[in-house]
Amino acid sequence: MSRRLLSAWFGGERDILAATRATREAGYQILDVYTPYAVHGLDNAAGLRPSRLPWVCFALGLTGAVAKLWYQIWTSATSWALNVGGKPFKSVPAFVPVTFEMMVLFAAVGTVVAFFIVSGLRPGRKPRHVYDRTTNDLFALVLVQHDAGFDIAAVRDLLSRHNLVRLEERIEVPEVKTAPGSFLLKPALGWGLTGALVIVVALTYLLPRTFTEPNSEFLPGMVESVPYDPLSANTNFADGMTLRTPPSGTIARGHMPWDSSRAGTEASLVAAYVSTLSPDQLSDREARAASVFATFCQPCHGPAGKGDGTIPARGYPAPPSLDATNALKLTDGQIFNILTYGRGNMPSLAGRIPVNERWLAVQHVRRIQEIATAAATVATPPAGGTAPLNGKENPR
Amino acid sequence: MTTHKPGLPNFTPGKTTMRNLAVVAAAGGIVTLSGVILDPARIWPNILLAAYYVAGLSLAAGVFIALQYISNAGWSVAFRRVPEAIASAFPLGAAMLLVVLAGIPELYEWSHADVVATDHILSAKAPWLNVPFFVVRTVVYLALWGWLLYKITSTSRRQDADGDLRLTGANKRHSVVYIVTFAFTFTLASMDWIMSLEPHWYSTIFGIYNFSGLFQSGLAAIAILAILLRRSGHFRQVLTDLHLLNLGKLIFAFSTFWMYIWFSQYLLIWYANIPEEVVYMIRRQEGSWLIFTVVNVVFNWLIPFIVLLPRWTKRNEGLLLKICIIIMIGRWIDLFWMILPPFIPSAPVVSLWELGPPAFAIALFFIIVFRTLSKHHLIPVGDPMLVESLPHH
Amino acid sequence: MAERYSILRRPLIAGNKSFDEVTRDVCAPLESKSTSAWWMTFAAALAMLSVGAVAVGYQLKTGIGTWGLNNTVGWAFDITNFVFWIGIGHAGTLISAILFLFNQKWRTSVNRSAEAMTLFAVMCAGIFPIIHMGRPWLAFWVIPYPNMRGPLWVNFRSPLVWDVFAISTYFIVSLVFWYVGLIPDLATIRDRATSKIKRAITGFFSFGWDGSNKTWLRYETIYLLLAGLATPLVVSVHTIVSWDFATSVIPGWHTTILPPYFVAGAVFSGFAMVLTLMLIVRKVLHFEDYITLHHIGAMSKIIIATGGIVALAYATEFFVAIYSGNDYERFTFVNRALGPYAWAYWIMVGCNVGVPQFLWSKKVRSNVALVFAISLLINVGMWFERFVIITISLTRDYLPASWADYSPTSVEIATLVGSFGLFLTLFLLFARFLPMIAIGEVKGVLGYGKQTEGGQR
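The rules behind each value
- Residues numbered from 1 in each chain as written.
- Chains lettered and ligands numbered in written order.
- Predicted model: local features only at pLDDT ≥ 70, side-chain atom pairs only at ≥ 80, totals over all residues.
- Core = buried A, V, L, I, M, F, W, Y, C linked by C-beta atoms within 7 Å.
- Buried ≥ 20, exposed ≤ 12 C-beta atoms within 10 Å, placed from the backbone.
- Helix = DSSP H or I, 4+ residues; strand = E, 2+ residues; numbered from the N terminus.
- Contact = placed C-beta atoms within 7 Å.
- Axes fitted to C-alpha atoms, helices over the stretch in contact; angles between N-to-C directions.
- Parallel < 35°, antiparallel > 145°, perpendicular 65-115°, else oblique.
- Left-handed = near helix turned anticlockwise from the far one by under 90°.
- Pairing = 2+ DSSP bridges.
- Nonpolar A, V, L, I, M, F, W, Y, C, P; charged D, E, K, R; others polar.
- Expected span 1.5 Å × (residues − 1).
- Bend = angle between axes of the 7 residues up to and from the residue.
- pLDDT = per-residue confidence, 0-100.

J.: Lay out the nonpolar core with the relevant residues and their values.
T.: Counting residues in hydrophobic clusters, the biggest one holds 308 residues, and the most contacted among them are A51, V54, A223, I251 and F365 of chain B together with V274 of chain C. When residues of this core are assigned to their parent elements, the largest contribution, 20 residues, is made by helix 2 (residues 40-70) of chain B. Beyond its immediate stretch of four places on either side in the chain, F365 of chain B contacts V54, L57, A89 and L92 of chain B. Judged by nonpolar contacts, the second largest core, of 14 residues, contains V292, L339, W359 and A361 of chain A.

J.: Explain the packing of helix 11 (residues 241-272) of chain B against helix 13 (residues 289-308) of chain B to me, using residue names and the numbers behind them.
T.: All names here are of chain B. One can describe the packing of helix 11 onto helix 13 by two numbers: an axis separation of 9 Å at closest approach and a directional angle of 140 degrees. Classified by the angle between their axes, helix 11 and helix 13 sit oblique to one another. You can see that helix 11 and helix 13 cross each other, and the crossing is left-handed. Residue-level contacts link G248, I251, F252, S255, T256, W258, M259 and W262 of helix 11 to V297, N300, W301, P304, F305 and L308 of helix 13.

J.: So what's going on with unusual backbone geometry? Which residues, and what values?
T.: With an omega of 0 degrees, the peptide bond between G150 of chain C and P151 of chain C qualifies as cis. As for its placement among the helices and strands, P151 of chain C is situated in the loop between helix 4 (111-132) and helix 5 (159-192). A positive phi angle is found at N273 of chain B, which is not glycine, with a value near 55 degrees. Positive phi values are uncommon outside glycine, yet N103 of chain C reaches one of about 60 degrees. Along the chain, N103 of chain C falls in the loop between helix 3 (77-101) and helix 4.

J.: Which residues make up the pairing of strand 1 (residues 3-10) of chain A, and what values do they have?
T.: Residue and element names in this part refer to chain A. Pairing analysis gives eight bridges linking strand 1 to strand 4 (residues 164-172), with the strands arranged antiparallel. Bridge pairing in strand 4 links R4 to I171. The pairing of strand 1 with strand 3 (residues 139-144) spans six bridges and is classified as antiparallel. Across the sheet, the residue bridging to L5 is V144, located in strand 3.

J.: Provide a residue-level description of the interface of chain A and chain C, including the pertinent values.
T.: Between chain A and chain C, the contact holds 61 residues from the first and 59 residues from the second. Among the elements of the structure, helix 1 (13-25), strand 2 (29-34), helix 2 (42-45), helix 3 (53-79) and helix 4 (92-119) of chain A are those that each provide at least two residues to the side of chain A that touches chain C.

J.: Explain the packing of helix 3 of chain C against helix 14 (residues 410-433) of chain C to me, and be specific about the residues and the numbers.
T.: All names here are of chain C. Between helix 3 and helix 14, the shortest axis-to-axis distance is 10 Å and the interhelical angle comes to 15 degrees. Viewed along their axes, helix 3 and helix 14 adopt a mutual orientation that is roughly parallel. In terms of crossing hand, the pair formed by helix 3 and helix 14 is right-handed. Here F77, D78, N81 and W85 of helix 3 come into contact with helix 14, specifically with E412, L416 and S419. Considering only residue class, the contact of helix 3 with helix 14 consists of three nonpolar, two polar and two charged.

J.: Would you mind going over helix 1 (residues 19-31) of chain C in detail, with residue names and values included?
T.: Residues and elements named next belong to chain C. The end-to-end C-alpha distance of helix 1 is 18 Å, a good match for the 18 Å that 13 residues give at a rise of 1.5 Å each. In helix 1, a bend of some 30 degrees at D25 exceeds every other bend along the element, and P29, a proline, comes one to four places later. Among all positions in helix 1, only F19, V22, T23, D25, V26 and P29 are buried. The elements touched by buried residues of helix 1 are helix 5, helix 14 and helix 15 (439-444).

J.: Any details on the sheet that holds strand 1 of chain A? Residues and values, ideally.
T.: By definition, the strands of a sheet pair up through backbone hydrogen bonds, in either a parallel or an antiparallel sense. Residue and element names in this part refer to chain A. One open sheet holds the four strands; their spatial order is 2-3-1-4, and the pairing between them is antiparallel. Only two strands of the sheet have a single partner each, and these edge strands are strand 2 and strand 4. Averaged over all pairs of adjacent strands, the angle between their axes in this sheet comes to 20 degrees, without regard to strand direction. Examined bridge by bridge, strand 2 and strand 3 share five bridges and lie antiparallel to one another. Considered in strand 3, the bridge of V33 is made with L141. Contacts between helix 1 and the sheet are confined to strand 1, strand 2 and strand 3, with strand 3 contributing the most and set at about 10 degrees to the helix. Contacts from helix 5 (residues 152-160) reach strand 1, strand 3 and strand 4, with the element oriented near 145 degrees to strand 4.

J.: Got a sec to walk through the confidence of the model for chain C? Specific residues and values, please.
T.: With 98% of its residues at a pLDDT of 70 or more, chain C shows a mean pLDDT of 88. Predicted complex, confidence summary: ipTM 0.92, pTM 0.82.

Below, the structure written as structure tokens:
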């Protein structure tokens, strides 16, 4: 549908204000007024209501503030509560600044976006001008000739009382409306983008890649360390390796050699074991030894090593007593060996008791034997009474 | 020039109003006097509060007038007689502050030689904080301010007779001198009178903090009087909604400024958590003092901020009046919050002793302001800027 | 409905301009060929920028060991420059927002350039904390996004994080504010353009502005809203910058007056920079009718006022340090005035407290060359203010065993030179391609102070 429009141009602020007011009061329909700058009072003259954008601004500001305050409390007190400088997790005074900033950011940017939307301003939009000079020095009043009663002569008469510069009648043919973003539908753009996509996909498949090599690092920072890595090549040594062979006989910290055939005498093994213990553990060793015995040995051997544990009581062949003469003759290493490999009906316990605890079990067996021997020779109790077994003191 | 001059309104205060004010002032005065005799420890801080309060209103009015002159503002000229009347009430505040000098031993810990002798910090401060120097400083501040305020108000009134343009220039110079003098001396004065109540504590923002509350309450007082004059019909042709809008904007802005300064001081002390500083805030957060801290912020910022945020509320006479009264109460709370905690550390108490001195001071303040208003033209008819301030026709 | 003006008012724009003359005057620099003077200054600016780029490149490759920092003085030249540039930016927002709220019409002649200056200054400021990170390609770690490290969030209790939010918000809002103001003028240029390309480019960026009254009404509404938001924003930005220091416990840094003092100082230095630039622009682009002695006087008065607040803050700090009875506080301030860096302190006091006092004289305010010299000195003084606060406080703190001195290396100085190069390059490009004066706003104040209508003969 086309409309008949009447555009009238004026040269000054007072004229446009007066003419606008006069035409509105005469009952003509004003399409819009175009001015080179914001003329105060023109909204009033043209009968426009105040903008509602302040409400948008208020709502967005409030949203930004509330959301950011919640976010700060959630990240600092819930998601990962970190104690920084002893400040409380919910340090509300410290959250005020960022809350404020987000309030301003949401309100300001959101209001401007809302302004663009309601005013229909967007990049590349065609101005619905009536005359180029309205952005320079002329003020244009555009009226709609909406009915037959529109009397051009009367209007001309009315307007020319306000120093009318020029008057023009034109028929507005509605443009074919192009939706915002319709430039995306242009064929050239579509083909171009499709072509680019095809090329990218093709290159991804066609370019040779080496999967064995790491990708190239962009500004690697501390990914590469300044000192040599243990396994990296090193030209400073004859063998070209960074890692050095340790002196012979070196034992790794915490490592417990147990294979007697390879690691020297029993005494040294026991010494090695003892050296791994902290002072606390040394004093606590007896209790620990009893606990290991109670857990792994007692079910068969019984609390005093008599072979009267709960398992033989149910019919499993009873083991020989631990204070039998044969058992007394065994060295610490041999008992350890039995624990490790098993003997007769006794299975290997190597998988269940760690090396140092097997030594503890050995120790407890010795203690049981001591008690039993002492009970047998009541008249001559052993010196030191309940002296604990210590491989260093009693290398057998 | 086609200036439309409204009929010159003249103001005569209502007899009943003046009588009621006189009754309140007398009652407050009697309470204050009996307090001095019966409970000096409680009454002196409140006399200081009342004195500082009314003196602050006059000083703020002076700042308002001076800023208008310096910035060549035209909009506010029509009601300038109101801040001028408030500024002319300065002798009341000054006299009360001089009376406070008699209460120094009750108020200031540093005035006791035996306390200072055993206190490292206080003896380090003794060259500044000692009674003779304190008295001299107080007198100098009050004399300077009183003289400059008198110069500004009297010059403005002289212009009524002949509209001499040179008087505008003269007042601009007075304004500049007043603002510069006031900025430096008020910083010191606020630290002397208020900050040294807790002499171990210090905060560099204290002067600005005191100024923010002072100016906010001064604006509120100006708005209250202007609105009352409009209601009584004297300003009907003079005070437009645009004036109210501008005053409302200023009150809104300075309310927020007060909050900004208050929060800056609080945050920095809270964050750094230095024992000698943070004790000040802890004292004001313990027990029912916390309520005062919260109400302080609510009255001085939250309510004015929320209510005055939309445009229409600033132009609404009744609403603006209510907000200004809230701010005036808020100013009292703010000063109470600053002054009283060292005297009643356990909990804030509001009794007859707390109400007497402010009632006396405020009632007398209004009596003086109304008297001053009735003595001169209610609008500065000789001011060359008046044309920009009066409503258009 | 036209305003009425007191007989004391004078027109803001000299020469009794018509609307068309305003358009032509402001667009003249954009529609003529670049002068050789422009090319020469542009080449100089680019050279400075390259010096800075080389220095930053070298620093990135080698590490920030190339700076003169040490264990004791961990913040010095870089943070001084950062605070200096952020401060410069504040005048732009003050002119565009605060003076707008206070209805100061003279702002229309300078607000466009001052806002542009704000943007460029914030860009310059942003460089310094980012390169100080040492690994600036990881700068995005300061953004609290859900990540694979936990998620490990940023520490919202840290003033440095507040800074990130404050400065990025400030930049975005200033950019939006500036651009919204630019749209009507771009439309004016579009409608004057003779070349098709220029018409297409300005047509794209002017968003189809046509001067519709309905749009102007909304435009005025959002301009007021943006001004109302930008005002507390600009105060918050320098407040938060001051909190970088004041939340610590270092004497000289931890002082409660720092927020308002920094804000006043920022406006002070910003106005000095606006004056420096505007006096050049006025001369080179022949804008004497738009930036009149009245404008220069008004800006000078703001410099006196903010300089006065700065002086009051200096005095208050010094007084309270002595008054406090705290030995550390006292020492810090005595050390500033009499210690090994006393020269920096006295440059600061001389340039910021002494020099502006000349502006009290109307004769000095009307002498463009003198005002220009004063504005330059204030820029120097304000740079030294930040140096004094940041560096001197750090060199001497609680423990005498850890006292150390600081002097900048050539890399740091070159980086500062580079930031000036960036600033000038951007400003020169702006002066070449965009209207330096808000055409629409100036047209609106042509009638100011006149008994007749604006834009009419």
